[in-house]
Amino acid sequence: MKPTHVEHIGIAVANLDEAIKYYEDVLGLECYAIEEVAEQKVKVAFFQVGDTKIELLETTDPEGPVGKFVEKKGPGVHHIAFAVECTDGALKAAEEKGVSLIDKTHRIGAESLKIGFLHPKSTFGVLTEFCSK
Ligand code: CMX
């Protein structure tokens, strides 16, 4: 259950192209892929920084989770994702410790990873994701 590393940090943006330009021109990172994840109602851009990725998220639907987040809070850090050996096992272990789950079992997310979320109300306000291959 113990995470091996921070797999990615999800950052909600209003405009993907403008945000990509900042990460490339100012931070000197390279956007290595852009992917639409229809189930999550987002378009995502990826940057690798050591073992961790920066995942920029632009909503494809104002009613999607990122659309609602940007509308309420504005752009900014949206979630933190931990790499674990088994997403389902990590979700179950968290639930057994009293954490409220958004996902009881994994879904397939960006880059075909098995993903599952813990509810931010149970995680000190930080939307938390587990990811495994
Ligand atoms: N971080 C912290 N708190 C958050 C949050 C976030 N990212 N998103 C919503 N919240 C809070 C809201 O501020 C709100 O708090 P208050 O009740 O104090 O106002 C509360 O959660 C409810 O927010 P809401 O706007 O009414 O939204 P919902 O309850 O409909 O949904 C959540 C909230 C977290 C359950 C939903 O966003 C979700 O299921 N998220 C997981 C999926 C996801 O975020 N996918 C996008 C990324 C996909 C990827 O990485 O591939």
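This text follows the structure it describes.
This is a predicted model, so every value here is computed, not measured.

A. Focus on the state of the cysteines. Here the structure, examined in full by the defined rule, presents zero disulfides. No disulfide involves Cys31; its nearest neighbouring cysteine sulfur is the one of Cys131, lying 18 Å away. There is no disulfide at Cys86, and the cysteine sulfur nearest it, in Cys131, is 13 Å away. Cys86 gets classed as partly exposed once you look at its relative accessible area, which sits at 42%.

B. Region of interest: the site of the ligand. Near the ligand you find 18 residues, and of these Gln40, Glu55, Lys68, His78 and Lys121 are the closest. A distance of 3.3 Å is found between an oxygen atom of the ligand and a side-chain nitrogen or oxygen belonging to His79. Its free accessible area being 970 Å², the ligand has 73% of it covered by the protein chains. Here the shell around the ligand takes six residues from helix H2 (residues 65–73), the largest share from any one element. Residue composition of the shell around the ligand, grouped by class: seven nonpolar, five polar and six charged.

C. Inspection of the environment of Ile115 at higher detail. Within the secondary structure, Ile115 sits in strand S7 (residues 114–118). Taking the C-alpha atoms as reference points, Ile115 and Lys133, separated by 18 residues in sequence, lie 9.0 Å from one another. With sequence-adjacent residues up to four places away left out, Ile115 is seen in contact with Gln40, Thr87, His106, Arg107, Ile108, Gly109, Glu129, Phe130 and Cys131.

D. Geometry of the pairing of strand S8 (residues 128–132). Most of S8 sits out of view: five of its five residues are buried. A two-sided burial pattern is seen for S8, the buried positions comprising Thr128, Phe130 and Ser132 on one face and Glu129 and Cys131 on the other. Of the strand pairs in this sheet, strand S5 (residues 76–83) and S8 are connected by four bridges, and their pairing is parallel. Each residue of the ladder has a partner; that of Phe82, found in S8, is Phe130.

Criteria and cut-off values
Residues numbered from 1 in each chain as written. Predicted model: local features only at pLDDT ≥ 70, side-chain atom pairs only at ≥ 80, totals over all residues. Heavy atoms only, no water. Disulfide = S-S within 2.5 Å. Buried < 20%, exposed > 50% of the residue type's maximum accessible area, 1.4 Å probe, protein only. Near = heavy atom within 4 Å. Polar contact = N/O pair within 3.5 Å; in protein donor to acceptor, adjacent residues only side chain to side chain. Areas by Shrake-Rupley, 256 points an atom, 1.4 Å probe, with all protein chains shown as cover. Helix = DSSP H or I, 4+ residues; strand = E, 2+ residues; numbered from the N terminus. Nonpolar A, V, L, I, M, F, W, Y, C, P; charged D, E, K, R; others polar. Contact = heavy atoms within 4.5 Å. Pairing = 2+ DSSP bridges.

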